[in-house]
Amino acid sequence: MQLFGRSYEKVLNPTSTRTFITDGLGALSGSSNLIGFESDTEGIEPKYKVKTDKFYKTLLPIPL
């Protein structure tokens, strides 16, 4: 499956525990409308989470 060179209108990262790899893949999709959960730092180091949060247009709160 080809990720690059496609025009994705929206990309959704459906996991509540984000990782550097999944955040990076979302950003590399080229979509300007990346949506994901706020997440915690269980799957990603805080210094990377601060940077990858900026990839997202919308960060949803995690339902309790």
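Please refer to the structure higher up on the page.
Cut-offs applied
Residues numbered from 1 in each chain as written. Predicted model: local features only at pLDDT ≥ 70, side-chain atom pairs only at ≥ 80, totals over all residues. Heavy atoms only, no water. Helix = DSSP H or I, 4+ residues; strand = E, 2+ residues; numbered from the N terminus. Buried < 20%, exposed > 50% of the residue type's maximum accessible area, 1.4 Å probe, protein only. Contact = heavy atoms within 4.5 Å. Areas by Shrake-Rupley, 256 points an atom, 1.4 Å probe, with all protein chains shown as cover. Lys, Arg positive; Asp, Glu negative; His and termini not counted. Charge placed at Lys NZ, Arg CZ, Asp CG, Glu CD. Pairing = 2+ DSSP bridges. Salt bridge = Lys/Arg side-chain N within 4 Å of Asp/Glu carboxyl O. Phe/Tyr/Trp six-rings, centres within 6.5 Å; stacked < 30°, edge-to-face > 60°.

Asker: Please explain the overall build of the chain as it appears in this structure.
Answerer: Scanning the chain for helices and strands turns up two helices and three strands. If you list the helices and strands of the chain from N to C, you get β-α-β-α-β. When each of the 64 residues of the chain is scored for burial, the buried share is 27%. Partitioning the intrachain contacts of the chain with sequence separation of at least 6 by distance along the chain shows that 41% fall at a separation of at least 24. Accessible surface, the chain as shown: approximately 4700 Å² in total, 60% of it carbon and sulfur. Mean positive and mean negative side-chain charge positions of the chain (8 and 7 charges, respectively) differ by 8 Å.

Asker: Would you explain the sheet that holds strand E2 (residues 34–37) in this entry?
Answerer: Across a sheet, strands are paired by hydrogen bonds formed along the backbone, either parallel or antiparallel in direction. Read across the sheet, three strands follow the order E1-E2-E3 without closing on themselves; strand pairing throughout is parallel. In this open sheet, the two edge strands, each paired with only one partner strand, are strand E1 (11–12) and strand E3 (58–60). Pairing between E1 and E2: two bridges, direction parallel. When the sheet's bridge partners are listed, Leu12 is paired in E2 with Ile35.

Asker: Is there a simple way to think about the pattern of salt bridges in this case?
Answerer: A side chain with one charge can pair with a side chain of the opposite charge if their charged atoms come near. Tallying each qualifying case throughout the model produces three salt bridges. Note that Arg18 and Asp23 form a salt bridge whose closest N and O atoms lie 3.0 Å from each other. Asp23 matches Arg18 in its accessibility class, with the two residues each being buried. With a closest N to O distance of 3.0 Å, Lys49 and Asp53 form a salt bridge. Here Lys49 falls in the buried class, since its relative accessible area comes to 13%. The class for Asp53 is partly exposed, based on a relative accessible area of 21%.

Asker: In this structure, what is going on with the packing of aromatic side chains? I would like to understand it.
Answerer: Each aromatic ring pair is specified by the distance between its two centres and by the angle formed by the two planes. Within this structure, the stated rule accounts for one aromatic pair. Between the aromatic rings of Phe20 and Tyr48, the centroid separation amounts to 5.1 Å while the plane-to-plane angle is 50°, which identifies the pairing as tilted. On the criterion of sequence distance, the pair formed by Phe20 in helix H1 (residues 20–28) and Tyr48 in helix H2 (residues 46–52) is long-range, its members being 28 residues apart.

Purely geometric numbers; function is a separate question.
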